[in-house]
Amino acid sequence: MSGQSNKGTAVVTGASAGIGAVYADRLAGQGYDLLLVARRADRLEELAEKLRYAYGRKVSVISADLADDNDVRRVEQAIAADDSVTVLVNNAGIGGQQVVATADADAAERMIKVNVIALTRLTRAVLPGLVARNRGAIVNIASVLAFDTSFGGIYSGTKAYVVNFTEALQREVAGTQVKVQVVLPGATRTDFWEIAGSDIDSLPKEIVMTADDLVDAALVGLAKGETVTVPGLADASKLDTFLGARQAFYGSLHADKPAARYAA
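Residues numbered from 1 in each chain as written. Predicted model: local features only at pLDDT ≥ 70, side-chain atom pairs only at ≥ 80, totals over all residues. Heavy atoms only, no water.

> I keep staring at the nonpolar core and nothing clicks. Help me out?
One recurring pattern in soluble globular proteins: nonpolar side chains tend to sit buried together. In terms of nonpolar packing, the biggest core is built from 35 residues, with Val 11, Val 37, Leu 66, Val 75, Ile 79, Val 126 and Val 182 touching the most fellow members. Among the elements of the structure, strand S2 (33-38), helix H3 (69-80), strand S4 (85-90), helix H4 (105-133), helix H5 (153-172) and strand S6 (179-183) are those that each provide at least two residues to this core. Each residue touching Val 75, except ones within four places of it in the same chain, is listed here: Val 37, Ile 62, Ala 64, Leu 66 and Leu 122. (Core = buried A, V, L, I, M, F, W, Y, C linked by side-chain atoms within 4.5 Å. Buried < 20%, exposed > 50% of the residue type's maximum accessible area, 1.4 Å probe, protein only. Helix = DSSP H or I, 4+ residues; strand = E, 2+ residues; numbered from the N terminus. Contact = heavy atoms within 4.5 Å.)

See the structure below:
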């Protein structure tokens, strides 16, 4: 059991398996109590019992489907009312290589509800308390596909939202002790792929990361104060170049008259 002091409560969504389960393990090991959120109650309880035994931490669970409006509000109310919350890991997500023209509209809506709406509402639920207490962190799990639409415009679009949303949050908390980080995983070996209807074994093994390595790298990035963490990116200067070029491009988009090429 861990003898570390209590650091507050870490809320982890999508916690029953994969990246979320690893976050739960690592955060418990760092001295956090846990509130784990996922659909599969049996797996949540199994993980919670394992973590209680391994780390001696308080571990609570909420079985909830974050595509369900009532369930989202139930989780939202619970975490907004809990002054012990110091960390929120918005990990829950739905994938799928869907072409818009043939996508199931209900499935697309479900993806948007989990990847965008639930993430936004849960962030909004904890942010005022974190700012008021001047401590804590929000970690949003996006994807490298935020910058590539080859996996389908719906999924990619939701993850681009997560990147932009998190970047705006970082501006909001500037000057406080609240950290906000967006993590961009590449291909990661979890059951996410099978659920999304894809075969991760079809990818070259040299580009597939384990969930353990991904989370460990992301937590190092958070400790270092990174606002954008890309565990698979070997040359960090490429991220700086990309973000700098994007900002310079944005600065060139404003003028009092249309560009000459649009002259009638």
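So much for the structure itself; the text now carries on.
> Looking at this structure, I do not really get the sheet that holds strand S1 (residues 9-13). What am I missing?
An order of S3-S2-S1-S4-S5-S6-S9 is seen for the 7 strands of this open sheet, with the pairing classed as parallel. Each having just a single partner strand, strand S3 (59-63) and strand S9 (228-229) make up the two edges of the open sheet. Relative to S2, S1 is paired through 5 bridges, and the arrangement is parallel. Among the inter-strand pairings, Thr 13 is bridged to a residue of S2, identified as Val 37. Against the sheet, helix H1 (residues 18-29) touches S1, S2, S4, strand S5 (137-141) and S6, its axis set at about 170 degrees to S1. Sheet strands in contact with helix H7 (residues 211-223) are S5, S6 and S9, and its direction is about 150 degrees off that of S6. (Pairing = 2+ DSSP bridges. Axes fitted to C-alpha atoms, helices over the stretch in contact; angles between N-to-C directions.)

> I keep staring at the packing of H1 against helix H2 (residues 41-55) and nothing clicks. Help me out?
If you want to describe how two helices pack, look at the angle between their axes and the distance between the axes. Between H1 and H2, the shortest axis-to-axis distance is 10 Å and the interhelical angle comes to 25 degrees. Here H1 is positioned roughly parallel relative to H2, judged by the angle of their axes. The crossing of H1 and H2 is right-handed. Residues Ala 21, Ala 24, Asp 25, Ala 28 and Gly 29 of H1 lie in contact with H2, whose contacting residues are Leu 47, Leu 51 and Tyr 55. For the contact of H1 with H2, the residue count by class is 6 nonpolar, 1 polar and 1 charged. (Parallel < 35°, antiparallel > 145°, perpendicular 65-115°, else oblique. Left-handed = near helix turned anticlockwise from the far one by under 90°. Nonpolar A, V, L, I, M, F, W, Y, C, P; charged D, E, K, R; others polar.)

> Can you walk me through the environment of Asn 90 in this structure?
Tracing the sequence through the fold places Asn 90 in strand S4. The exposure class of Asn 90 is buried, given its relative accessible area of 3%. In the structure, Asn 90 is positioned 26 residues away from Ala 64 in sequence and 14 Å away in space, judged by C-alpha atoms. Sequence-distant contacts of Asn 90, defined by excluding residues within four places in its chain, comprise Thr 13, Leu 119, Leu 122, Thr 123, Ile 138, Val 139, Asn 140 and Ile 141. There is a polar contact of 2.9 Å between the side chain of Asn 90 and the side chain of Asn 140. (Polar contact = N/O pair within 3.5 Å; in protein donor to acceptor, adjacent residues only side chain to side chain.)

> Looking at this structure, how should I read H5?
Two residues of an α-helix separated by three or four positions point the same way, owing to the 3.6 residues in each turn. Across its 20 residues, H5 extends 28 Å between first and last C-alpha, which sits within 8% of the 28 Å expected from 1.5 Å per residue. Taken residue by residue, H5 has Ile 154, Tyr 155, Ser 156, Thr 158, Lys 159, Val 162, Val 163, Phe 165, Thr 166, Leu 169 and Gln 170 as its buried positions. (Expected span 1.5 Å × (residues − 1).)

> It is not clear to me how the environment of Val 11 should be interpreted in this structure. Could you clarify?
Assignment of secondary structure puts Val 11 in strand S1. Val 11 gets classed as buried once you look at its relative accessible area, which sits at 0%. Taking C-alpha positions, Val 11 is 6.1 Å from Val 87, a pair spaced 76 residues apart along the chain. Leaving out residues up to four positions away in the same chain, Val 11 has contacts with Leu 35, Val 37, Ile 79, Val 85, Val 87, Leu 88 and Val 89.

> In this structure, what is going on with the packing of H3 against H4? I would like to understand it.
Following both chains from N to C, one finds H3 and H4 inclined at 25 degrees, their axes separated by 8 Å at the closest point. Considered as vectors, H3 and H4 are oriented roughly parallel to each other. At the point where H3 passes H4, the crossing takes the right-handed sense. Contacts from Asp 69, Val 72, Arg 73, Val 75, Glu 76, Ile 79 and Ala 80 of H3 reach H4 at Lys 113, Ala 118, Arg 121, Leu 122, Ala 125 and Val 126. Residue composition of the contact of H3 with H4, by class: 8 nonpolar, no polar and 5 charged.

> Explanation requested: the packing of aromatic side chains in the structure shown.
The description of two aromatic rings rests on the distance between their centres and on the angle between their planes. Scanning all chains against the criterion turns up 2 aromatic pairs. Summarising the aromatic geometry, the rings of Phe 147 and Phe 242 are spaced 5.0 Å apart at their centres and angled 65 degrees between planes, so their arrangement reads as edge-to-face. Of the two residues, Phe 147 is situated in the loop between S5 and H5 and Phe 242 in helix H8 (residues 236-251); the sequence distance between them amounts to 95 residues. Ring centres of Tyr 161 and Phe 165 lie 5.5 Å apart, and the angle between their planes is 15 degrees; this geometry places the pair in the stacked category. (Phe/Tyr/Trp six-rings, centres within 6.5 Å; stacked < 30°, edge-to-face > 60°.)

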